[in-house]
Structures are given as C-alpha cells and as structure tokens.
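Structural overview for review
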Amino acid sequence: MDQESLKQAILQLKKEKNAVILGHYYQRDEIQDMSDYIGDSLALAQEAQRSKADIIVFCGVHFMAETAKILNPDTKVLLPDVTADCSLAISCPGEAFKKFKEEHPDHLVISYINCSAEIKALSDLICTSGNAEKLVRSLPEEQKIIFAPDKNLGGYINKVTGRNMLLWDGVCTVHDALKAETVTGLKKQYPEAKVIAHPECNKELLAEADFIGSTKAMLNYIKSEGRKQYIVATETGILYEMKKNNPGVEFIVVPSGNGCGCADCGYMKQNTLEKLYDCLKNETPEITLPSQLMEDARRPIVKMLEMSRRLGIIK
Ligand code: 13P
Ligand code: SF4
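All residue numbers here refer to positions counted from 1 along the written sequence of the relevant chain. Chain letters and ligand numbers both follow the written order, the letters beginning at A and the numbers at 1. Where totals are concerned, whole chains, interfaces and linings use all residues; where local detail is concerned, this predicted model gives features only for residues with pLDDT of at least 70, and gives and counts side-chain atom pairs only at 80 or more. Each side-chain value is worked out from all heavy atoms of the structure, with water and hydrogens disregarded.

Here the focus is the overall build of the chain. Counting from the N terminus, the helices are the DSSP runs of H or I reaching at least four residues and the strands are the DSSP runs of E reaching at least two. When helices and strands are tallied, the chain shows 16 helices and twelve strands. The C-alpha extent of the chain, read off along each of the three principal axes, is 50 × 50 × 35 Å. Note on exposure labels: buried denotes an accessible area under 20% of the residue type's maximum, exposed denotes more than 50%, and partly exposed covers the range between, all computed with a 1.4 Å probe on protein chains only. Within the span of the chain, comprising 315 residues, buried residues form 56% of the whole. Residue pairs in contact within the chain that sit at least 24 positions apart in sequence constitute 63% of those at least 6 positions apart. Split by element, the accessible area of the chain, about 13,700 Å² in all, is 49% carbon and sulfur. Counting 39 positive and 44 negative side-chain charges, the chain places the averaged centre of each group 4 Å from the other. Here a residue-residue contact requires only that any non-hydrogen atoms of the pair lie within 4.5 Å. Here, Shrake-Rupley sampling with a 1.4 Å probe gives the accessible areas, and only protein chains in the shown set may cover a residue. Residues scored as charged are limited to Lys and Arg (positive) and Asp and Glu (negative), so that His and the chain ends carry no count. Charged side chains are reduced to one point each, which is NZ for Lys, CZ for Arg, CG for Asp and CD for Glu.

Right, let's talk about the site of ligand 1 for a bit. What surrounds ligand 1 is a group of 13 residues, the closest being His-24, Ser-41, Ser-129, His-198 and Glu-200. Identification of polar contacts relies on pairs of N or O atoms within 3.5 Å, with a donor-acceptor requirement for protein atoms, meaning one able to donate a hydrogen and the other able to accept it, and with residues adjacent in sequence counted only if both atoms are side-chain atoms. Within the side chain of His-198, a nitrogen or oxygen atom sits 2.9 Å from an oxygen atom of ligand 1. Here an oxygen atom of ligand 1 and a side-chain polar atom of Thr-215 are 3.0 Å apart. When ligand 1 sits alone it has 300 Å² of accessible area, and the protein chains cover 96% of it. The rule for a residue being near a molecule or strand is that one of its heavy atoms must lie within 4 Å of it.

A word on the sheet that holds strand 4 (residues 76-78). Two strands are counted as paired when DSSP detects at least two bridges linking them. With parallel pairing, four strands are arranged side by side in an open sheet as 2-1-3-4. Each edge of the open sheet is held by one strand with a lone partner, namely strand 2 (37-39) and strand 4. Adjacent strand axes in the sheet meet at a mean angle of 20 degrees, parallel and antiparallel pairs treated alike. Helix axes use the C-alpha atoms of the stretch in contact, all axes being lines fitted to C-alpha atoms, and the angles between their N-to-C directions lie in the range 0 to 180 degrees. Relative to the sheet, helix 15 (residues 273-282) contacts strand 1 (19-24), strand 3 (55-59) and strand 4, its axis offset from that of strand 3 by approximately 160 degrees.

A few words now on the packing of helix 3 (residues 41-50) against helix 16 (residues 291-310). Running from amino to carboxyl end, helix 3 crosses helix 16 at an angle of 105 degrees, the nearest separation of the two axes being 11 Å. By the angle class used here, helix 3 and helix 16 are roughly perpendicular. Of the residues in helix 16, those touching helix 3 at Leu-42, Gln-46 and Gln-49 are Val-302, Met-304, Leu-305 and Arg-309. Residues belonging to the contact of helix 3 with helix 16 are distributed by class as follows: four nonpolar, two polar and one charged. Roughly parallel covers angles under 35 degrees, roughly antiparallel covers those over 145, roughly perpendicular covers 65 to 115, and oblique covers all other angles. In the scheme used here, Gly and all other residues not listed as nonpolar or charged are polar, with Ala, Val, Leu, Ile, Met, Phe, Trp, Tyr, Cys and Pro taken as nonpolar and Asp, Glu, Lys and Arg as charged.

Here we come to the packing of helix 3 against helix 4 (residues 62-71). Running from N to C, helix 3 and helix 4 point in directions that differ by 35 degrees, and their axes come no closer than 8 Å. Here the hand of the crossing between helix 3 and helix 4 comes out right-handed. Contact with helix 3, carried on its side by Ser-41, Ala-45, Ala-48 and Gln-49, involves Met-64, Thr-67, Ala-68 and Leu-71 of helix 4 and no other residues of that element. Each residue belonging to the contact of helix 3 with helix 4 can be placed in one class, and the counts come to five nonpolar, three polar and no charged. Helix crossings get a hand from a simple test, with the near helix turned counterclockwise from the far one by less than a right angle marking a left-handed crossing and a clockwise turn marking a right-handed one.

With that settled, the discussion passes to the sheet that holds strand 8 (residues 166-167). With respect to topology, four strands assemble into an open sheet ordered 6-5-7-8, the strand pairing being parallel. Every interior strand has two partners, whereas the edge strands, strand 6 (125-127) and strand 8, have only one. Where strand 7 (residues 145-148) meets strand 8, two bridges bridge the pair, whose relative direction is parallel. If you follow Ile-146 over to strand 8, its bridge partner there is Leu-166.

The next point concerns the pattern of salt bridges. Here, a salt bridge means any side-chain nitrogen of Lys or Arg that lies within 4 Å of a carboxyl oxygen of Asp or Glu. Scanning the entire structure with this criterion turns up 16 salt bridges. A salt bridge links Glu-133 to Arg-137; its shortest N-O distance comes to 2.9 Å. Of this pair, Glu-133 and Arg-137 both sit in helix 8 (residues 132-137), four residues apart, which is roughly one turn of the helix. The exposure class of Glu-133 is partly exposed, given its relative accessible area of 27%. Judged by its relative accessible area of 44%, Arg-137 is partly exposed. Where Glu-225 meets Arg-227, a salt bridge forms, and the shortest distance between an N and an O atom there is 3.7 Å. For Arg-227, a relative accessible area of 30% gives the class partly exposed. Through salt bridges with shared partners, a single ionic network connects Lys-17, Lys-76 and Glu-283.

A few words now on the packing of aromatic side chains. Centres within 6.5 Å are what make two rings of Phe, Tyr or Trp a pair, Trp counting through its six-membered ring; a difference in plane orientation under 30 degrees is then read as stacked, over 60 as edge-to-face, and the rest as tilted. A complete count under the given rule lists six aromatic pairs for this structure. Each ring, one from Phe-100 and one from Trp-168, has its centre 5.3 Å from the other, and the planes form 75 degrees; the classification is edge-to-face. With Phe-100 in helix 6 (residues 94-102) and Trp-168 in the loop between strand 8 and helix 10 (173-176), this pair connects stretches of sequence that are 68 residues apart. Here Phe-100 matches Trp-168 in class, with each residue buried. For the pair Tyr-221 and Tyr-230, a centre-to-centre distance of 6.5 Å together with 75 degrees between the ring planes defines the contact as edge-to-face. Like Tyr-221, the residue Tyr-230 is buried in the burial classification. Ring pairs connect the aromatic residues Phe-211, Tyr-221, Tyr-230 and Phe-251, which therefore count as one cluster.

On to the site of ligand 2, then. The environment of ligand 2 is made up of Tyr-26, Val-61, Cys-86, Ser-87, Leu-88, Asn-114, Cys-172, His-175, Glu-200, Cys-265 and Met-268. Among the residues forming the shell around ligand 2, the class breakdown is seven nonpolar, three polar and one charged.

Take a look at the structure:
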C-alpha cells in the first residue's frame, strides 16, 4: 500500500474500532499527522487517563504505552512496535533499584516517568520533565529524596531547587550525547539565536542554555519569545511541531556526538505507518501487565496527576 492509502486505511480502522491514537512529539512526522493527540509525556499520561476509547494505540515508546495501560487497565493498549524501548528505562533494572532503595529506607522515591512499571511500583511519586521541578519544590525541605533514573534531570532539579536528592546513575543516551562545545560553536555562528534545551541533556550543555524545559515547555517558550532563530538541544522529532507552529522561524539542531550525528531517538522512530496499520488491524502487539503490578505502579502516577492539578501545572 502507498502512504496515502495506508493513512486512509488507518483512519477507517480507527473509526470502526473506536480507537484513539496518542503520539509523542518525537514520533516520525507522518505518525504525528495520524495522532488524535500529540503531546509531551505529561499531557499524554493525562489523555490516557481520561480516554473513553475502546483501544488506545500509543505511538511512543514502551514505558509510555505501559503508563497508558496502568491508567486505563480495562482498555486495550497497543504499541505499534513493542520493542521500542528507552535508554533511561533500560538504565534502571528492578532488582538493582530495589536494593538501592533498601539501602536508603528514610528516602522518598521519586521516579521520572521514563522507567519500567516495576520501577514505578517501587516509587512514591512519578514525575515528568514538565512537572518535576514544581513537584519537588512542593515537598518539605527536610524530606530526603531518591531521584531515578535520570541523573541529568535530577541534577538539574537539585541545582534549581537547592536540594540534594540522591541520584540514580542513568541517562538518556540521545540527550546525553549532545555536547556543550557544539552549542558554544553554534552560538558564535548564530549570535541572535536563543538556546533551548531538554533537561535530559548533560549539565555542561544545560549551562549554555537560555531556556530549559520539557518538549511542551519549549514550544510554549518559542511562542512567548517570538524570535527568528533558536538553537535546539533535544530529539529532532520536535522540529515538526516547532516548524508547523512558527513559520519563518529558523531552528538550528544541535547535532549529536554519536553515530549518524543526528539527534534522533532510534526507539521513537521504530514506529512506522505500516506498523501502525498492522497493529490496528490485528490488535497486536498489546501491552499486558500483572494486575498487582499495575495497581502498585498506578498509585504514584495518580499521585503525580493529582499533585499536578493541585499545583496548577495541568487542568
Ligand atoms: P517529555 O515528553 O516529558 O518532554 O520527555 C521527553 C522524552 O524523552 C520522552 O521520552
Ligand atoms: Fe528514552 Fe531518550 Fe528516547 Fe526519550 S529520547 S525515549 S528518554 S532514549
């Protein structure tokens, strides 16, 4: 089938099966086009929670689809490519983290949503890059905290809040590979540009940034600043929405120090139109989890959503 026929067939199947497609900003452009909701991790978790569809097709990575399933256990949740993992989730294995937690029994455990259901079940509170700072600030100053799995996001939150959270030693290999020296060079080349960066980037790079925030926060920042040029330090999928929302604005991507030089997340790009079509047609691969694990993992996610509403981060 050609791309246009595939798109039409996906729309037809979606209607017939009362399915909804949730897509992350890092997905391929054509997948973003097919999504009913496109957003950052926080917005997509919210959308998954309030969905009334019979089927949720999650176009993102495994931990995101898992989160949708945990929030909506009676709904069928599909992930076009079930092997679409995440380097942060991989960096934090359950057994090792359980031991780490046991070594610090007086600590509250906050985990970034980029982790497995097993890690979520071991956590007191989940956060995303869109709410981490405010959630941490809302906790008593004397509260001891373990933050997992992203040491870059955790380190950034420690810096801006003056906390001393104990950090798990994990990174997103896509963001961590972006180099401060590359940004310094680009700043010389584009002196008028503002540098925007995702907090999963390393601390040296973040020190070069004018603005640090989640994918959604970056999009909002561009709208409020109204500049003509931005140096963008995050995964390249976001450029599709940035360019769509801001015609005439130039976005200079920080190239990666890794492999191909592009800042693509290979996991995010595993979902394709063909796989999306197949998964809707065959209703597989489906996310399934043991019910006790879902119950234990749901508590800290629901707590995050409740706190985020109370703090005015989300509606
Ligand atoms: P946000 O969607 O919270 O900005 O996170 C980016 C990310 O790496 C998702 O995997
Ligand atoms: Fe995971 Fe990084 Fe890819 Fe996001 S960009 S899914 S954190 S590997």
